[in-house]
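# Reading the structure
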Amino acid sequence: MSSEQNPTTDTTEADGRRPRRLTYAAALAALEGAALLIGGVWMLVLGVTGDPDDRQQAVTGGVTLLVLALLPLLAARGLLLRRGWSRGPAVITQVMALPVAYNLLQADSMAIPAGIALAAAAVASLVLLVNPATTQALGIRGPGRSEEPKG
């Protein structure tokens, strides 16, 4: 159906603008990616220049965080560019963040506020990513829905 035939079509898609929900989801994914990137660099620097218990483990952890940062950063870029493929990596990032947030909440330390922030960001991102306006803006069709109606 075209936007003229379907009155419920979001006007932002019709005029080519990105819905705010999509921008917010991209911003949250980019924020998570940046946090992973900063954490990875921090672990690498401490592992190389500091006095860690296990230098190899510190460097491996830093490199792992740097590689993991790529997923939300690429997803954020794809969301900003309204690429349909980007929703999958963004959702995967949020689903992976929930157990991490839970573990942070179980700690008896300053990690609890970080767990609260991570859980809030992950849940908010998931809500934004599954929103119908976001799905429509990304051009994602549900199962059994073809682009052209069958006549």
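Please refer to the structure higher up on the page.
Here the structure is a predicted model, which is why all the values come from computation and not from measurement. (Residues numbered from 1 in each chain as written. Predicted model: local features only at pLDDT ≥ 70, side-chain atom pairs only at ≥ 80, totals over all residues. Heavy atoms only, no water.)

When you go through the protein chain residue by residue, the secondary structure sums to six helices and zero strands. In the protein chain, the succession of α and β elements from N to C terminus is α-α-α-α-α-α. Burial analysis of the protein chain (151 residues in total) assigns 29% to the buried set. Residue pairs at least 24 apart in sequence account for 64% of intrachain contacts in the protein chain once pairs closer than 6 positions are excluded. About 9700 Å² of surface is accessible on the protein chain, with carbon and sulfur atoms providing 64% of the total. (Helix = DSSP H or I, 4+ residues; strand = E, 2+ residues; numbered from the N terminus. Buried < 20%, exposed > 50% of the residue type's maximum accessible area, 1.4 Å probe, protein only. Contact = heavy atoms within 4.5 Å. Areas by Shrake-Rupley, 256 points an atom, 1.4 Å probe, with all protein chains shown as cover.)

A separate point is the packing of helix α2 (residues 20-49) against helix α3 (residues 55-80). Packed helices, taken two at a time, are described by their axes: the angle between them and the distance between them. It is at 7 Å that the axes of α2 and α3 come closest, and there the two elements cross at 160 degrees. On the basis of the axis angle, α2 is roughly antiparallel to α3. With respect to the hand of their crossing, α2 and α3 are arranged in left-handed fashion. (Axes fitted to C-alpha atoms, helices over the stretch in contact; angles between N-to-C directions. Parallel < 35°, antiparallel > 145°, perpendicular 65-115°, else oblique. Left-handed = near helix turned anticlockwise from the far one by under 90°.)

Within the largest apolar cluster, 12 residues are counted, these being Leu22, Ala25, Ala26, Leu28, Ala75, Leu79, Ala90, Ala121, Leu128, Leu129, Ala137 and Leu138. When contributions to this core are tallied by element, the ones reaching two or more residues are α2, α3 and α5 (111-129). When residues of this core are assigned to their parent elements, the largest contribution, four residues, is made by α2. (Core = buried A, V, L, I, M, F, W, Y, C linked by side-chain atoms within 4.5 Å.)

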